[in-house]
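A structural walkthrough
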Amino acid sequence: MYAVRLASDKHSLSLCTSGRTLEGGGQIIRNSLALAVLTGIKVRVHHVRGRRSTPGLRNQHVVGALALAKIGAARYDGIKKTSCEFTFEPGCGHNNQSEASAEPLSCCCEGAGSVSLLIQSVMPCMLFLPSCKQAVFRGGTIVVCFHFKLQCGLPFCLDGNK
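Reading the values: the criteria
Residues numbered from 1 in each chain as written. Predicted model: local features only at pLDDT ≥ 70, side-chain atom pairs only at ≥ 80, totals over all residues. Heavy atoms only, no water. Helix = DSSP H or I, 4+ residues; strand = E, 2+ residues; numbered from the N terminus. Buried < 20%, exposed > 50% of the residue type's maximum accessible area, 1.4 Å probe, protein only. Contact = heavy atoms within 4.5 Å. Areas by Shrake-Rupley, 256 points an atom, 1.4 Å probe, with all protein chains shown as cover. pLDDT = per-residue confidence, 0-100. Axes fitted to C-alpha atoms, helices over the stretch in contact; angles between N-to-C directions. Parallel < 35°, antiparallel > 145°, perpendicular 65-115°, else oblique. Nonpolar A, V, L, I, M, F, W, Y, C, P; charged D, E, K, R; others polar. Salt bridge = Lys/Arg side-chain N within 4 Å of Asp/Glu carboxyl O. Left-handed = near helix turned anticlockwise from the far one by under 90°.

Regarding the overall build of the protein
Regarding its fold elements, the protein presents 5 helices and 7 strands. Mapped from its N terminus to its C terminus, the protein presents α and β elements in the order β-β-α-β-α-β-β-β-α-β-α-α. Within the protein, the proportion of its 162 residues that are buried is 40%. Nonlocal contacts in the protein, meaning residues at least 24 apart in sequence, comprise 65% of its contacts between residues at least 6 apart. Accessible surface, the protein: about 9100 Å² in total, of which carbon and sulfur atoms supply 55%.

Remarks on the confidence of the model for the protein
Of the residues in the protein, 70% have a pLDDT of 70 or more, and the chain-wide mean is 77. Segment residues 94-100 is flagged for pLDDT under 50; beyond a separation of four residues in sequence, or across chains, it makes 13 contacts in the model.

Description of the packing of helix H1 (residues 27-39) against helix H2 (residues 59-71)
Closest axis-to-axis distance for the H1/H2 pair is 10 Å, and the angle between their directions is 5°. When the interaxial angle is binned, H1 and H2 end up roughly parallel. Facing Ile29, Arg30, Leu33, Ala34 and Val37 of H1, the residues of H2 in contact are His61, Ala65, Leu68 and Ile71. For the contact of H1 with H2, the class distribution of residues is 7 nonpolar, 1 polar and 1 charged.

Topic: the pattern of salt bridges
Pairing is possible between side chains that carry opposite charge, provided their charged atoms lie close to one another. Enumeration according to the criterion identifies 2 salt bridges in this entry. In this structure, arginine 44 and glutamate 85 form a salt bridge, with 2.9 Å as the shortest nitrogen-oxygen distance. Taken together, the residues arginine 44 in strand E3 (residues 42-46) and glutamate 85 in strand E5 (residues 85-89) connect sequence positions 41 residues apart. A salt bridge links arginine 75 to glutamate 89, with the shortest nitrogen-to-oxygen separation between them at 3.4 Å. A residue pair is termed long-range when its members are at least 10 positions apart, and arginine 75 in strand E4 (residues 75-77) and glutamate 89 in strand E5 qualify at 14 residues. In this structure glutamate 89 comes out as partly exposed when scored by relative accessible area, which is 26%.

Some details on the side chain of serine 121
Tracing the chain through its elements places serine 121 in helix H3 (residues 115-128). Look at serine 121 and you get buried, because its relative accessible area is 4%.

Considerations on the packing of H1 against H3
Helix-helix packing is described using two parameters, namely the angle between the two axes and the distance between the axes. Across the interface, H1 lies against H3 with an axial gap of 9 Å and an inter-helix angle of 20°. Considering the angle they form, H1 stands roughly parallel to H3. The way H1 lies across H3 gives a crossing that is right-handed. Residue-level contacts link Gln27, Arg30, Ala34, Val37 and Leu38 of H1 to Leu117, Gln120, Ser121, Pro124, Cys125 and Phe128 of H3. When grouped by side-chain class, the residues that make up the contact of H1 with H3 number 7 nonpolar, 3 polar and 1 charged.

Topic: unusual backbone geometry
The phi angle at histidine 47 is positive, at roughly 55°, despite the residue not being glycine. For histidine 47, the location among the structural elements is in the loop between E3 and H2. Residue histidine 47 is classed as partly exposed on the basis of its relative accessible area of 30%.

Things to note about the environment of threonine 17
Mapped onto the elements of the fold, threonine 17 is located in strand E2 (residues 13-18). C-alpha of threonine 17 to C-alpha of valine 45: the two residues are 28 residues apart in sequence and 5.0 Å apart in space.

Okay, here's the thing in C-alpha cells:
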C-alpha cells in the first residue's frame, strides 16, 4: 500500500494519503492540509490517526482543518470529531482574502487540544500566502514546546521579506 498516491485525470490532480503513515498521528493531517492549500491540490486522507489507540480526528485536528479550509476557500467532507476519513478540496469556495486582510484568522480550540499544533497547521500558509498574515489562537493546551515554536518559527511568519 502506498503512503501517498497521486492520481490525475485530464481535469484535476489529487493526493490520497494514509493516516497510518510513519507514527500514524496528526502530523500527516497537518502537513497534507497545509500543502493542499499551498498547492491547490485536492487531498483525501483515510485511516486518520490509524496507529493511535483512539483513531480519528480530535478537536485540534478539526479546528486546524477548518482554519485551513477558511484560508484556502476549501470544500470538504468528513471533517468532524472521530472521523477516520475525509476529503479536502482547496479553492472551491468563495474567499474574499485575496490580499492581506486586516481581520485576523481566529481559531478557538475548546477543551483538550493543542494550540501549538494549531499554529503548526497554519504556519506554512502564513509563510507563503499574502491572505494569511494574522491569526489569533485561543483555548486548548500546549503540548509541543510553545516557546520553541515562537523562537524558531514565528520570526519567519512575521518577516514579510522571507
